[in-house]
Amino acid sequence: MEWSLEGVREMVAGGMQSVRECEICACATVVCVLLLFLWYCYRVGRDHSSSPLRGRYLTGSSRIGGVVGGFIGSDCRNRGKGKSGSMLEEQNGFAFCQSSECFRCTSAGESLNQRLYHSLQEYAKRYTWSGMGRVHKGVRDQGRYLNTRPTIQRPEVFFLPDLPSAPFFSREIQRHDVEFLEQSFPALLAEFETIYNQPPARSGSPLPPGWKANSTPRGQWWTYYLVNQGTPLVLNVRRCPRAWRVLGQLRTFIANNVFGNACFSVLSPGALITEHYGPTNVRLRCHLGLRVPPSCELVVGGEPQCWSEGSCLLFDDSFLHRAFHEGGPEDGLRVVFMVDLWHPNVAAAERQALDYIFTPGRLEEKEVK
């Protein structure tokens, strides 16, 4: 090979031209990737607000739900429309859900399994199948999981396989939210005092506005819901601005699907909440003790625990559980602030998929179609 000045010059010019062409291709690739990323962020952001609670209580009267009685339906909502729905929202005394549209009261049979699978397929088509292994497995084999679970843990609606399970969990597992709730103890207790000491909603009614009486074999069990099955209760939220702000600061509060609830829960002396199961194992129920007299106990999976004022208890309510207050009238009420948090081993991708599948009203709409 003969070398000459002209040949070297041609080689250098060709190399420089190749570099320029590569730079153009690289820039074009980066621009395309950036545009795809922005489009993805727009799609995700349109359906999943970055702050799931912010502004939700202003979405109108159609978002108001009611709390029903009974230990199985205590976090169900009456889906009344118009004037009758408004009356249910402020109804006191015993309230029992009679609506076929109530999620918890819908029988979890083959029809529900099919609707779950169709919703999962829609989600995967719209977003991705990545990270959906456990969710797909759970939806596909839901009937088998629910029917073959041991009697100590048997969620009524949805079981996510391969999640670590125990009746009670250490507070360290959701440290941020637990510590924030405990720091908010004075504000939450003060807000409870405000809403509980209001005059009765109407003459002859023992309860102030917004409170519901749930069925128990003995004693009284009252609840005041801020979020019920993923739906904020507008009037109650407006009466509890500080509690609402606390919920908005929690990182793992289930705010966008039917498994999420937040309420003040009160047991009178002598009250018993009979044994029952929660709807799913993807959540941990957190109780912050506000007023805890002696002789009060929570039993989950056969393990007893006592509340304490200003401290949180974390438990998996898909285990068989019951609560009681065996004190006398002089001991006063047992009061806790209850919130539902994500199980820490449910991954972010799985949470987003479950929020989509179990969005309030989604499965009911599919059944109508």
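This text follows the structure it describes.
Residues numbered from 1 in each chain as written. Predicted model: local features only at pLDDT ≥ 70, side-chain atom pairs only at ≥ 80, totals over all residues. Heavy atoms only, no water.

The next subject is the nonpolar core. In terms of nonpolar packing, the biggest core is built from 38 residues, with Leu-181, Leu-247, Phe-264, Leu-290, Phe-337 and Val-339 touching the most fellow members. A per-element tally of this core places helix α7 (residues 185–196) first, with 5 residues. With 23 residues, the next largest nonpolar core counts Val-139, Phe-158, Val-282 and Ala-353 among its residues. (Core = buried A, V, L, I, M, F, W, Y, C linked by side-chain atoms within 4.5 Å. Buried < 20%, exposed > 50% of the residue type's maximum accessible area, 1.4 Å probe, protein only. Helix = DSSP H or I, 4+ residues; strand = E, 2+ residues; numbered from the N terminus.)

Counting through the fold element by element, Val-135 comes out in helix α4 (residues 133–140). Judged by its relative accessible area of 0%, Val-135 falls in the buried class. Taking C-alpha positions, Val-135 is 8.0 Å from Leu-354, a pair spaced 219 residues apart along the chain. In this structure, Val-135 is in contact with Leu-120, Leu-160, Glu-350, Leu-354 and Ile-357, ignoring residues within four places of it in sequence. (Contact = heavy atoms within 4.5 Å.)

This part takes up empty space enclosed by the protein. Applying the stated criterion to the full structure yields 3 cavities of 30 Å³ or more. Reported here for the largest cavity is a volume of approximately 190 Å³. Of all the elements in the fold, those that place two or more residues in the lining of the largest cavity are β3 (221–228), β5 (262–267), β6 (272–276), β7 (283–291), β11 (321–325) and β12 (334–342). Of the residues contributing to the lining of the largest cavity, the split by class is 9 nonpolar, 6 polar and 2 charged. (1 Å grid on protein atoms, 1.4 Å probe; cavity = no way out; pocket = protein on both sides within 12 Å on 5 of 7 lines; lining within 4 Å. Points joined across faces, edges and corners; volume = space filled by probe spheres on them. Nonpolar A, V, L, I, M, F, W, Y, C, P; charged D, E, K, R; others polar.)

Given two aromatic rings, one states the distance between the centres and the angle between the planes to describe the pair. A complete count under the given rule lists 13 aromatic pairs for this structure. Both rings, one in Phe-192 and one in Tyr-196, keep their centres 5.3 Å apart while their planes meet at 25 degrees; by these two values the pair is stacked. Here Phe-192 pairs with Tyr-196, and both are found in helix α7, just 4 residues apart, close to one helical turn. On the numbers, 6.2 Å between centres and 35 degrees between planes, the contact of Phe-192 with Phe-264 is tilted. Residue Phe-192 is found in helix α7, and its partner Phe-264 is found in strand β5; the two are separated by 72 residues along the sequence. Each member of the pair, Phe-192 together with Phe-264, is buried. Taken together, the ring pairs connect Phe-192, Tyr-196, Trp-211, Trp-222, Tyr-224, Phe-264 and Phe-337 into an aromatic cluster. The side chain of Arg-334 reaches across the aromatic face of Trp-307, ending 4.7 Å from its centre. (Phe/Tyr/Trp six-rings, centres within 6.5 Å; stacked < 30°, edge-to-face > 60°. Lys NZ or Arg CZ within 6 Å of the ring centre and 35° of its normal.)

Turning our eyes to something else, we now look at the environment of Gln-198. Tracing the chain through its elements places Gln-198 in the loop between α7 and β2 (212–214). Apart from the residues lying within four places of it in its own chain, the contact partners of Gln-198 are Pro-208 and Pro-209. Engagement of the side chain of Gln-198 in a polar contact is seen with the backbone oxygen of Thr-194, the distance being 3.2 Å. (Polar contact = N/O pair within 3.5 Å; in protein donor to acceptor, adjacent residues only side chain to side chain.)

Now for unusual backbone geometry. Unusually for a residue other than glycine, Asp-162 sits at a positive phi of about 65 degrees. Tracing the backbone through its elements, the reader meets Asp-162 in the loop between α5 (142–148) and β1 (168–169). Asp-162 sits in the exposed class, given a relative accessible area of 54%.

Taken in spatial order, the 4 strands make up an open sheet running β6-β11-β8-β9, and their pairing is antiparallel. The outermost strands of the open sheet, each flanked by one partner alone, are β6 and β9 (303–305). When strand polarity is set aside, the average angle formed by the axes of neighbouring strands in this sheet is 15 degrees. (Pairing = 2+ DSSP bridges. Axes fitted to C-alpha atoms, helices over the stretch in contact; angles between N-to-C directions.)

This next bit is on the state of the cysteines. Taken as a whole and assessed by the stated rule, the structure comprises 0 disulfides. Counting only cysteine sulfurs, Cys-306 is the nearest neighbor of Cys-296, a cysteine outside any disulfide, at a range of 8.2 Å. (Disulfide = S-S within 2.5 Å.)

The next thing to look at is the pattern of salt bridges. Summed over the entire model, instances satisfying the criterion amount to 13 salt bridges. With a shortest N-O distance of 3.0 Å, Glu-179 and Arg-175 are connected by a salt bridge. Highlighted residues: Glu-179 and Arg-175, both in helix α6 (residues 175–183), separated by 4 residues, approximately one helical turn. Judged by relative accessible area, Glu-179 falls into the partly exposed class, the value being 30%. Residue Arg-175 is classed as partly exposed on the basis of its relative accessible area of 49%. A salt bridge links Arg-291 to Glu-193; the shortest N-O distance between them is 2.7 Å. Remark: Glu-193 occurs in helix α7 and Arg-291 occurs in strand β7; sequence separation between them is 98 residues. (Salt bridge = Lys/Arg side-chain N within 4 Å of Asp/Glu carboxyl O.)

This brings us to a nonpolar patch on the surface. A contiguous nonpolar surface patch, about 500 Å² in accessible area, is contributed by Val-31, Leu-34, Leu-35, Phe-37 and Leu-38. Leu-38 sits in the partly exposed class, given a relative accessible area of 49%. (Patch = residues over 30% accessible without salt bridge, like charges linked within 9 Å, V, L, I, M, F, W, Y side chains within 5 Å. Areas by Shrake-Rupley, 256 points an atom, 1.4 Å probe, with all protein chains shown as cover.)

Further remarks concern the packing of α7 against helix α9 (residues 241–249). One way to put it is that α7 packs onto α9 with a least axis distance of 8 Å and a crossing angle of 140 degrees. Crossing of α7 against α9: the hand is left-handed. Together, Ala-187, Leu-188, Ala-190, Glu-191 and Thr-194 of α7 and Pro-241, Arg-242, Ala-243 and Val-246 of α9 make up the contact between the two elements. Its residues assigned to classes, the contact of α7 with α9 shows 6 nonpolar, 1 polar and 2 charged. (Left-handed = near helix turned anticlockwise from the far one by under 90°.)

With that out of the way, let us pick up the side chain of Glu-191. Among the secondary structure elements, Glu-191 is positioned in helix α7. In this structure the side chain of Glu-191 is engaged in a polar contact, spanning 2.6 Å, whose partner is the backbone nitrogen of Ala-243. The residues touching Glu-191, leaving out its near neighbours within four places in the chain, are Arg-239, Cys-240, Pro-241, Arg-242 and Ala-243.

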